[in-house]
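# Architecture and fold: a report
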Amino acid sequence: MDVFEAIKERYSYRGSFKNITVPVDHLEKIVQAGLDAPSGGNRQTTQFVIINDPGVIAEVKSAFGDHPYITTAPAFIAAIVDSEPKPYREGGFIFVLEDCSAAIENILLSITDLGYASVWLDGVLRMDGRAAKIGEAIGLPASKKVQILLPVGVPQETLPRREKLPFKERAWFNRYGQ
Ligand SMILES: Cc1cc2nc3c(=O)[nH]c(=O)nc-3n(C[C@H](O)[C@H](O)[C@H](O)COP(=O)(O)O)c2cc1C
């Protein structure tokens, strides 16, 4: 699959996963794609915890309700950032979320390329203390937090994709809106 195919193929999968283990070498390859992403000043601020131990998986799942993409997930990838990131340079730049997002998109495309599916879980982590519960399950120090969680597995089905607005409604050459 070339990169453009992976981009078109990727979508947020919220269905059930097949009862198939994701091999460790695939999980490593997927996360390596995240480590290879660009980051502000090459500070590489995002870290990852790959969750494939049944006990830890069970703890992660207990933080959520009864969603198929959670209950059937054979593995998760947690993206970790500093709880209180320090500014970069005099200007006080903080690029932690941008760095993390770049890494996650690389990871999602790699997941797609290897025939797996996922969904970017971020908003739901900010509710009901879920990020903290998952942080506890994976032994995070207080200085770190889970920013994004990705279930990873072989999708049971193909679900409808979200429509994207046409090119002409969101992108232009040279002059905005023309
Ligand atoms: C910053 C961000 C936060 C997101 N948080 C969640 C979330 O908490 N739960 C969820 O089901 N999807 C979440 N998503 C996935 C979006 O809902 C999804 O990307 C969007 O609806 C477009 O669909 P697509 O990914 O299939 O193209 C998030 C995506 C982004 C980029």
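Provided above is the structure to which this section pertains.
Residues numbered from 1 in each chain as written. Predicted model: local features only at pLDDT ≥ 70, side-chain atom pairs only at ≥ 80, totals over all residues.

## Looking at the overall build of the chain
Rules: Secondary structure is summarised from DSSP: a helix means a run of H or I of at least four residues, a strand means a run of E of at least two, and numbering begins at the N terminus for each. For the radius of gyration, the atom set is restricted to C-alpha positions; the globular benchmark scales as 2.2 Å times the number of residues to the power 0.38. Each residue is classed by its C-beta neighbour count within 10 Å, where at least 20 other C-beta atoms makes it buried, 12 or fewer makes it exposed, and intermediate counts make it partly exposed; the C-beta atoms are placed from backbone geometry. Our contact criterion uses C-beta atoms placed from the backbone: two residues qualify when those atoms are within 7 Å.
Of regular secondary structure, the chain possesses seven helices and three strands. Mapped from its N terminus to its C terminus, the chain presents α and β elements in the order α-α-β-α-α-β-α-α-β-α. Relative to a compact globule of 178 residues, whose C-alpha radius of gyration would be 16 Å, the chain shows 17 Å and is just as compact. Reported as C-alpha extents along the three principal axes, the dimensions of the chain are approximately 55 × 45 × 30 Å. Going through the 178 residues of the chain one by one, you find that 29% of them count as buried. Sequence-distant contacts, at least 24 apart, represent 81% of the contacts inside the chain between residues at least 6 apart.

## Section: unusual backbone geometry
The residue asparagine 42 is not glycine, and still its phi comes out positive at about 55°. Mapped onto the elements of the fold, asparagine 42 is located in the loop between helix H2 (24-35) and strand S1 (47-51). Classification of asparagine 42 as exposed rests on a count of 8 C-beta atoms within 10 Å. For glutamine 44, which is not glycine, the phi torsion reads 50° and is therefore positive. Position of glutamine 44 relative to the elements: it lies in the loop between H2 and S1.

## So, the nonpolar core
How we decide: To define a nonpolar core, we join buried Ala, Val, Leu, Ile, Met, Phe, Trp, Tyr and Cys residues through C-beta atoms within 7 Å and take the resulting set.
Membership of the largest hydrophobic core comes to 40 residues, with the highest contact counts inside it found for Phe76, Ile77, Ala78, Ile107, Leu149 and Val152. Among the elements of the structure, H2, S1, helix H4 (68-71), strand S2 (75-82), helix H5 (96-113), helix H6 (130-137) and strand S3 (144-152) are those that each provide at least two residues to this core. If one sorts the elements of this core by residue count, H5 sits on top with seven residues. If we skip the residues at most four places from it in the chain, isoleucine 77 touches Val31, Phe48, Ile50, Ile107, Leu150 and Val152.

## Quick look at the environment of methionine 1
Tracing the sequence through the fold places methionine 1 in the segment before helix H1 (3-9). In sequence terms methionine 1 and leucine 114 are 113 residues apart; their C-alpha atoms lie 8.9 Å from each other. Ignoring anything within four residues of it in the chain, the contact list for methionine 1 reads Ala6, Glu9 and Asp113.

## Section: H2
What counts is decided by this rule: Helix span, expected: 1.5 Å multiplied by one less than the number of residues in the helix. The arc in question is traced by the directions running from the helix axis to the C-beta atoms.
Between the first and last C-alpha of H2 there are 16 Å, a value that for 12 residues agrees with the 16 Å anticipated at 1.5 Å per step. Every buried residue of H2 is accounted for by Leu27, Ile30, Val31 and Gly34. Viewed along the axis of H2, the buried residues span an arc of 90°, placing them on a single side of the element. Away from the buried face of H2 by more than 90 degrees, exposed residues Asp25 and Glu28 are located.

## Thoughts on the site of the ligand
Rules: By definition, a residue lies near a molecule or strand provided its backbone-derived C-beta atom is within 6 Å of it. Throughout, the ten residues Ala, Val, Leu, Ile, Met, Phe, Trp, Tyr, Cys and Pro are labelled nonpolar, Asp, Glu, Lys and Arg are labelled charged, and all others, Gly among them, are labelled polar.
Lining the immediate environment of the ligand, one finds Tyr11, Ser12, Val119, Trp120, Leu121, Asp122, Gly123, Val124, Arg161 and Arg162. In the shell around the ligand, the residues fall into five nonpolar, two polar and three charged.

## Points about H6
Among all positions in H6, only Ala131, Ile134, Gly135 and Ala137 are buried. Down the axis of H6, the buried set is contained in an arc of 160°. They therefore lie on one face. Residues of H6 that are buried make contact with helix H3 (54-62), S2 and S3. Glycine 139 occupies a position one or two residues after H6 and carries a positive phi of about 75°.

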